[in-house]
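# Structural description and commentary
One letter stands for each residue in the lines below.
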Amino acid sequence: MHEKWKGGYLRLFPGGGQKINILKRELEKYKNNKNLVLFFTDSYDVVFTAGKEEILTKFKEFNARIVFSAESTIWPDGLLENRYPEVTFGKRFLCSGGIIGYADTFWSTITKWNVEDTDSDQLYYTKIYLNATLRTQLNATLDHTSTLVQNINFAKYELEMVEEDTLTRIKNLKYSTLPSVIHGNGPSKIYLNHLTNYVPDGWHSEYGCRQCSRNLIDLPNEPKDKLPSVQLAIFIEQPTPFLEEFLQRLEQMSYPKSRITLFVHNNEGDAERYISQFMLRHRSKYAAVKIVSPHENIDEKAARNMAVNHCIEIACDYQFSVDSYVQITEPDILKFLITKNKQVIAPIVVQNGKLWSNFWGAINIDGYYARSDDYLAIVNNERSGIWNVPFVNAVYLTKGSTLKYMENKIQSLYNYEDFDADMAYCNHMRDEEIFIFATNEIDFGRLVFTENVMTDTIHPDWWQIEDNTEDWEERYIHPDFWKATLDGVDIAQPCPDVYMFPLFTHRAADTLVEIMEDYGEWSGGKNKDTRLAGGYENVPTVDIHMNQIAFEKEWLFLLRHYPTKIVEKVYPGFYTEADSSMMFVVRYKPTEQSFLRPHHDSSTWTMNIALNSHGTDYEGGGCRFLRYDCSVTNIPKGYALIHPGRLTHYHEGLLTTNGTRYIAVSFVDPEFALNS
């Protein structure tokens, strides 16, 4: 109202007397009107769920000249509790956030005494109400059962959302009332924000998200220089798997690079080579680039504050903050978020197969995570929409004007007590009443799990098969493997009951070979083998077992999730347990071990994966099945061969005449074979 607020800091202290003085000034013209009804409410923390007809009808049913809303706690003077009239049913104490009355009575109420701007407006009205004489003269009462106004502080568990036709209302279950006005008094504002995702015309079970199409902005298609400028702030604060793909996906965003300025904070030395490669290829596409390296010893909070200052300095229209453990799969993500026209908005991303996401639906009194009643429905995409939430992290878009406003207020947006950086950011936004939104209208990508990253190996992402399965599959599983699993797609059968199919990408094959060679402790190909329980190998090879590189558990996961799909397809009626204790990589070369004599495998079925290329990396090699006099040679790199183990498929490893041949072998379901 272009008037300086002198009523105090109401979040923590009594105050608000200035509101009464403003009312005196503005309502004087109505002071003699006995038929006009005035309804006063607070503004920024109030939602109407009904119109004037319902409000007037309910007011008249009180048979009073003025009605104050009620709450279950007394504020600001607890010593006045005993002076309140006893109430057998309903809330006992006055709340000044909602007042309805005839204009003349309203005027009489606010002009009983002089009040300072810094005085408590609630205490003023309380003293009038507690004066029995004045209460009678004014014919004043309280809305004890929240018929008109629901003050939600300390009333959360009385409330339930109900859908009525096209609207969503709040029902007070304790009093069976449908309040017309919802007031987020005191510290209940975060819960009010949650309610307004639905009430009165937000998300609806029949109509879905009705807020999603409101207050949007249109982005011009051309020319590109008319698009908002964006600072893309990238934060690599911890060892992160699949960092290469993370950077590739950022580059694949459809927003014009000429409108993007890069700010990169890298706190991980191992990530420098990926950043260098990325910059070598793409740096010239962007408007400008600023990199903060690990050698500068700038911690995360300082770096995030630095990014805010940088955004303000270059007058960016938006800052898009992205942490390295976010895999963005929607190229139009920036355009989509900008059109939503929010001060802060996050695309919801979730860890695959888990409930961990980048937003909280609620927080506890200390500002930490609490689960909202709709969190699971949102995370599981049972409800799709845009949501007012108290906390986001990992990836979010902030208007540059908001950052400038906050920096003038806060200075260090990412510092607050002992909170993490993102918690501090969100806490400051909430304190300044800036709404934080999260949206799951479309699939934006996913979060990568970062807790079990190996840092002492040349290819740490290889061990991510269980924690980050989808990312692992995209890099390491052959794209044609999934086609092979489909009904109606034939699997190559080079010999009777021997099947060949694509399993690994070339990169996966190379990775496994490089890991084994880096480990280097190849067996000597002798019968004596201390790695085995009996200490003896009947048909030895030069090999390294998966358990030697701490990959046994992961390889069993691989067996159970990929080749079993083919095994159960080509051997109908057989269901594998995919258990194994013999999983290893074999190396054949003329100067070491070049072939393997005929033998049976101690398995129900065996898998053999070609890890390099015939004709390029080696000559000769292959597998001959003696019973059928059938040989399989020239197996494509990354392809797997499966065949029965004991009884029928007596076989030998053919001579490798030149180069080095690598294969990954698994003897699967050995106990099942013995029992059979």
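Residues numbered from 1 in each chain as written. Predicted model: local features only at pLDDT ≥ 70, side-chain atom pairs only at ≥ 80, totals over all residues. Heavy atoms only, no water.

The chain has the name procollagen-lysine 5-dioxygenase in an unreviewed UniProt entry, where Clavelina lepadiformis is given as its organism. Under the heading Catalytic activity (unreviewed entry), UniProt records this for the chain: "L-lysyl-[collagen] + 2-oxoglutarate + O2 = (5R)-5-hydroxy-L-lysyl-[collagen] + succinate + CO2". A UniProt comment under Subcellular location (unreviewed entry) is attached to the chain, and it reads "Endoplasmic reticulum". (UniProt positions renumbered as here; feature names shortened; annotations may be inferred.)

### Some details on the overall build of the chain
Looking only at helices and strands, the chain has 19 helices and 37 strands in total. Radius of gyration (C-alpha) of the chain: 35 Å, far over the 26 Å computed for a compact globule of 676 residues. The principal-axis extent of the C-alpha atoms belonging to the chain is close to 110 × 55 × 45 Å. Burial analysis of the chain (676 residues in total) assigns 55% to the buried set. Relative to all contacts within the chain whose residues are 6 or more apart in sequence, the contacts with residues 24 or more apart total 77%. One way to put it: in the chain the 67 positive side-chain charges average out to a point 7 Å from where the 91 negative ones average out. (Helix = DSSP H or I, 4+ residues; strand = E, 2+ residues; numbered from the N terminus. Rg over C-alpha atoms; globule rule 2.2 N^0.38 Å. Buried < 20%, exposed > 50% of the residue type's maximum accessible area, 1.4 Å probe, protein only. Contact = heavy atoms within 4.5 Å. Lys, Arg positive; Asp, Glu negative; His and termini not counted. Charge placed at Lys NZ, Arg CZ, Asp CG, Glu CD.)

### Looking at the nonpolar core
Ranked by size, the top nonpolar core spans 49 residues in total, and within it Trp462, Phe504 and Trp555 carry the most contacts. In terms of residues, this core owes the most to one element, helix H16 (residues 506-519), which gives six residues. If we ignore the near neighbours within four places in the chain, the residues touching Phe504 are Trp462, Trp472, Tyr476, His478, Ala509, Leu512, Trp555, Leu558, Ile609, Leu611, Lys637 and Gly638. (Core = buried A, V, L, I, M, F, W, Y, C linked by side-chain atoms within 4.5 Å.)

### Description of the UniProt feature "domain: Fe2OG dioxygenase" (unreviewed entry) in the chain
According to UniProt, the feature "domain: Fe2OG dioxygenase" (unreviewed entry) maps to residues 579-670 in the numbering used here. Between the end C-alpha atoms of residues 579-670 there is a gap of 8 Å, over a span that is 1% helix and 51% strand.

### Focus: the pattern of salt bridges
Using the criterion set out here, one finds 38 salt bridges in the structure. Between Glu158 and Lys91 there is a salt bridge, with its nearest N and O atoms 2.9 Å apart. Residue Glu158 is found in the loop between strand E6 (149-151) and strand E7 (159-164), and its partner Lys91 is found in the loop between strand E3 (66-71) and strand E4 (93-102); the two are separated by 67 residues along the sequence. In this pair, the class of Glu158 matches that of Lys91, namely buried. Here Lys553 and Glu466 are joined by a salt bridge, their closest N and O atoms 2.7 Å apart. Of this pair, Lys553 sits in helix H17 (residues 552-561) while Glu466 sits in the loop between strand E24 (445-447) and helix H14 (469-476), and the two are 87 residues apart along the sequence. (Salt bridge = Lys/Arg side-chain N within 4 Å of Asp/Glu carboxyl O.)

### Remarks on H14
Those residues of H14 lying buried are Asp471, Trp472, Glu473, Arg475 and Tyr476. For H14, the secondary structure elements touched by its buried residues are helix H7 (243-251), strand E14 (326-328), E24, helix H15 (481-484), H16 and H17.

### Structural notes on unusual backbone geometry
Trp75 connects to Pro76 through a cis peptide bond whose omega is 5 degrees. Looking along the chain, the bond that leaves Val199 and enters Pro200 is cis, with omega of -10 degrees. With respect to the helices and strands, Pro200 occurs in the loop between helix H6 (189-195) and strand E10 (230-236). Even without a glycine there, the phi angle at Asn341 is positive, about 60 degrees. Mapping Asn341 onto the fold places it in the loop between helix H10 (333-339) and strand E15 (344-347). Positive phi is not limited to glycine here, since Asp497 has a value of about 60 degrees.

### Considerations on the side chain of Asp121
Structurally, the position occupied by Asp121 is in helix H4 (residues 121-130). Residue classification places Asp121 among the buried residues on the basis of a relative accessible area of 6%. Polar side-chain contacts of Asp121 include one of 3.2 Å to the side chain of Lys19. At 3.4 Å, the side chain of Asp121 and the side chain of Ser96 are in polar contact. Excluding its chain neighbours within four sequence positions, the residues that come into contact with Asp121 are Gly15, Gly16, Gly17, Lys19, Ile20 and Ser96. (Polar contact = N/O pair within 3.5 Å; in protein donor to acceptor, adjacent residues only side chain to side chain.)

### Notes on the state of the cysteines
Inspection of the entire model under this criterion finds three disulfides. One disulfide bridge connects Cys311 with Cys316, the sulfur atoms lying 1.6 Å from each other. Accessibility classification places Cys311 together with Cys316 in one group, the buried group. Note on cysteine connectivity: Cys495 is disulfide-linked to Cys630, with sulfurs 1.9 Å apart. Across the S-S bond linking Cys495 and Cys630, the dihedral sits near -85 degrees, which makes this disulfide left-handed. Linking Cys495 in strand E25 (residues 492-495) with Cys630 in strand E33 (residues 630-632), this pair joins segments that are 135 residues apart in sequence. Accessibility expressed as a relative area gives 15% for Cys630, which makes it buried. Numbered in order of appearance, the disulfide-bonded cysteines of the chain are paired 1-2, 3-4, 5-6. Left without a disulfide partner, Cys426 is nearest to the cysteine sulfur of Cys311, which lies 17 Å away. (Disulfide = S-S within 2.5 Å.)

### Observations concerning the packing of aromatic side chains
For the coordinates displayed, the defined rule picks out 38 aromatic pairs. Taken together, a centroid distance of 6.0 Å and an interplanar angle of 75 degrees make the contact between Phe39 and Phe48 edge-to-face. According to the relative accessible area criterion, Phe39 is partly exposed, its value standing at 25%. Their ring planes at 75 degrees and their centres at 5.8 Å tell us that Trp360 and Tyr369 sit as a pair that is edge-to-face. Looking at Tyr369, the relative accessible area reads 34%, which means it is partly exposed. An aromatic cluster is defined as three or more aromatic residues linked by ring pairs; in this entry it consists of Trp462, Trp463, Trp472, Tyr476, Phe481, Trp482, Phe501, Phe504, Phe551, Trp555 and Tyr562. Arg135 extends its terminal NZ or CZ atom over the ring of Tyr129, reaching a point 5.1 Å from the ring centre. Here the basic side chain of Arg383 rests over the ring of Trp203, its NZ or CZ set 5.1 Å away from the ring centre. (Phe/Tyr/Trp six-rings, centres within 6.5 Å; stacked < 30°, edge-to-face > 60°. Lys NZ or Arg CZ within 6 Å of the ring centre and 35° of its normal.)

### Looking at helix H9 (residues 300-313)
For H9, which comprises 14 residues, the first-to-last C-alpha distance of 20 Å matches the rise-based estimate of 20 Å (1.5 Å per residue) to within 8%. Those residues of H9 not exposed but buried are Ala303, Arg304, Asn305, Ala307, Val308, His310 and Cys311. Its side-chain oxygen placed 3.4 Å from the backbone nitrogen of Lys301, Asp299 serves as the N-cap of H9. Ala315 sits one or two residues past H9 and shows a positive phi near 60 degrees. (Expected span 1.5 Å × (residues − 1).)

### A look at a nonpolar patch on the surface
Side chains of Tyr9, Leu12 and Phe13 sit close together on the surface and give an oily, nonpolar patch of about 330 Å² of accessible area. Along the chain, Phe13 turns up in the segment before helix H1 (17-27). On the basis of relative accessible area, Phe13 is assigned to the partly exposed category, the value being 48%. (Patch = residues over 30% accessible without salt bridge, like charges linked within 9 Å, V, L, I, M, F, W, Y side chains within 5 Å. Areas by Shrake-Rupley, 256 points an atom, 1.4 Å probe, with all protein chains shown as cover.)

### Brief notes about the sheet that holds strand E22 (residues 395-399)
Strand order in the open sheet formed by eight strands is E12-E11-E10-E13-E22-E15-E23-E20, and the pairing between neighbours is mixed. Edge positions in the sheet fall to strand E12 (288-292) and strand E20 (386-389), since each has one partner strand and no second. Averaged over all pairs of adjacent strands, the angle between their axes in this sheet comes to 20 degrees, without regard to strand direction. Against the sheet, helix H8 (residues 272-282) touches E10, strand E11 (260-266) and E12, its axis set at about 165 degrees to E11. (Pairing = 2+ DSSP bridges. Axes fitted to C-alpha atoms, helices over the stretch in contact; angles between N-to-C directions.)

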